[in-house]
Amino acid sequence: MPVQNCATLEEIALGCARNSGGIDEIYVGDMEDVTAITADESTWEITAMTVAEAPINIQVKRRYSEYTDEKQDGIEAGVDVVNRTVSIMLPRREKEKSKALNILGAGSRYLYVFVKDLNGLIWYFPYVQLQTVGGGSGKNRADGSKYDVAFYGEDDSLSKEVDATVYNDVITYTP
């Protein structure tokens, strides 16, 4: 068997902490506004980040947004690809939302997304793009109208957690 120079395997504990699905907050910014970022590979955490502009908040309702972070190992070629999708349902179609979504997707710009889940953890998704904006009006009054929005990106590793202080500094940044 060939010798591989890989990291030592680590235990994976089941854990006893409460677990909750769902998204509490989403912030989106331009990747070009990230002036510095430090990721601690041993703790798998973003420990420092500076930006030239604060990200925007996309207000979401609980139970209507999600993210997936799916790693596929390329066994033959040795290439790992992580497909990330952040899916958001925004209720009530209106011109202000249409305009803001149009700007987010203009030029297929690279964005970063912070997702704060209902476990209180904050995740960093770099180099994503607005992939789709869909939705419309339902058939019945109770269906309402909505936007279905999806951000998509690829990376070589699963998402890193963001230190809460770093997150607060970035989302409240003022030049």
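Our subject is the structure listed above.
Predicted, not measured: the structure shown is a model, and the values here were computed from it. (Residues numbered from 1 in each chain as written. Predicted model: local features only at pLDDT ≥ 70, side-chain atom pairs only at ≥ 80, totals over all residues. Heavy atoms only, no water.)

Visitor: Mind laying out the overall build of the protein, listing which residues take part and the relevant values?
Guide: On a plain count of helices and strands, the protein comes out with two helices and 10 strands. Of the regular secondary structure in the protein, the N- to C-terminal order runs β-β-β-β-β-β-α-β-β-β-β-α. Its C-alpha atoms give the protein principal-axis dimensions of roughly 65 × 40 × 35 Å. Residue burial in the protein is summarised as follows: out of 175 residues, 30% are buried. Taking all contacts inside the protein whose residues are at least 6 apart in sequence as the whole, residues at least 24 apart take part in 66%. (Helix = DSSP H or I, 4+ residues; strand = E, 2+ residues; numbered from the N terminus. Buried < 20%, exposed > 50% of the residue type's maximum accessible area, 1.4 Å probe, protein only. Contact = heavy atoms within 4.5 Å.)

Visitor: Please set out the pairing of strand S3 (residues 45-51) residue by residue, giving values where relevant.
Guide: Regular strands place their side chains on alternate faces of the sheet. Judged from the six bridges that link them, strand S2 (residues 34-40) and S3 form a sheet pairing that is antiparallel. Across the sheet, Asp40 pairs through a bridge with Glu45, a residue of S3. Hairpin geometry of S2 and S3 is characterised by an intervening segment of four residues between the two adjacent antiparallel strands and by a positive phi of about 60° at Trp44. Direction of pairing for S3 relative to strand S10 (residues 160-162): parallel, over a ladder of two bridges. Its bridge partner lying in S10, Glu45 is registered against Glu161. (Pairing = 2+ DSSP bridges.)

Visitor: Before we move on, can you summarise the pattern of salt bridges with the specific residues and values?
Guide: Where charged atoms from two side chains of opposite charge approach closely, those side chains can pair. Evaluation of the coordinates by the stated rule reveals 10 salt bridges. In this structure, Asp73 and Lys71 form a salt bridge, with 2.7 Å as the shortest nitrogen-oxygen distance. The partner of Lys71 in a salt bridge is Asp80, and the shortest N-O contact between them spans 3.6 Å. A relative accessible area of 33% means that Asp80 is categorised as partly exposed. Several salt bridges share partner residues, and in doing so they unite Asp69, Arg84 and Asp155 into one network. (Salt bridge = Lys/Arg side-chain N within 4 Å of Asp/Glu carboxyl O.)

Visitor: Would you mind going over the layout of surface pockets in detail, with residue names and values included?
Guide: The space that makes up the largest pocket amounts to roughly 380 Å³. As for the largest pocket, its lining consists of 20 residues, of which Ile56, Asn57, Ile58, Ala100 and Leu104 are closest to the centre. For the lining of the largest pocket, the secondary-structure elements that each account for two or more residues are strand S1 (23-30), strand S4 (56-57), strand S6 (79-91) and helix H1 (95-105). In terms of residue count, H1 provides more of the lining of the largest pocket than any other element does, five residues in total. (1 Å grid on protein atoms, 1.4 Å probe; cavity = no way out; pocket = protein on both sides within 12 Å on 5 of 7 lines; lining within 4 Å. Points joined across faces, edges and corners; volume = space filled by probe spheres on them.)

Visitor: Tell me about the packing of aromatic side chains, residues and numbers included.
Guide: The description of an aromatic ring pair uses the distance of the two centres, along with the angle that the planes make with each other. Throughout the structure, instances matching the rule amount to seven aromatic pairs. On the numbers, 6.0 Å between centres and 85° between planes, the contact of Tyr27 with Tyr167 is edge-to-face. Here Tyr27 is found in strand S1, whereas its partner Tyr167 is found in helix H2 (residues 164-171), with 140 residues between them in sequence. For the residue pair Tyr27 and Tyr167, the accessibility class agrees, reading buried in each case. Considering the side-chain rings of Phe114 and Tyr167, the 5.4 Å spacing of their centres and the 75° angle between planes classify their relative orientation as edge-to-face. Placement of the pair is Phe114 in strand S7 (residues 111-117) and Tyr167 in helix H2, with a sequence separation of 53 residues. What makes Tyr167 buried here is its relative accessible area of 2%. One cation-aromatic arrangement involves Lys160 over Trp44; the distance from NZ or CZ to the ring centre is 4.1 Å. (Phe/Tyr/Trp six-rings, centres within 6.5 Å; stacked < 30°, edge-to-face > 60°. Lys NZ or Arg CZ within 6 Å of the ring centre and 35° of its normal.)

Visitor: Which residues make up H2, and what values go with them?
Guide: Within H2, burial applies to Val166, Tyr167, Val170 and Ile171. Seen from one end, H2 has its buried residues packed into an arc of 120°, which puts them on one side. Against S1, S3, S7, strand S8 (122-137) and S10 lie the buried residues of H2. With a side-chain oxygen lying 2.9 Å from the backbone nitrogen of Thr165, the N-terminal cap of H2 falls on Asp163. (Arc of directions from axis to C-beta. Polar contact = N/O pair within 3.5 Å; in protein donor to acceptor, adjacent residues only side chain to side chain.)

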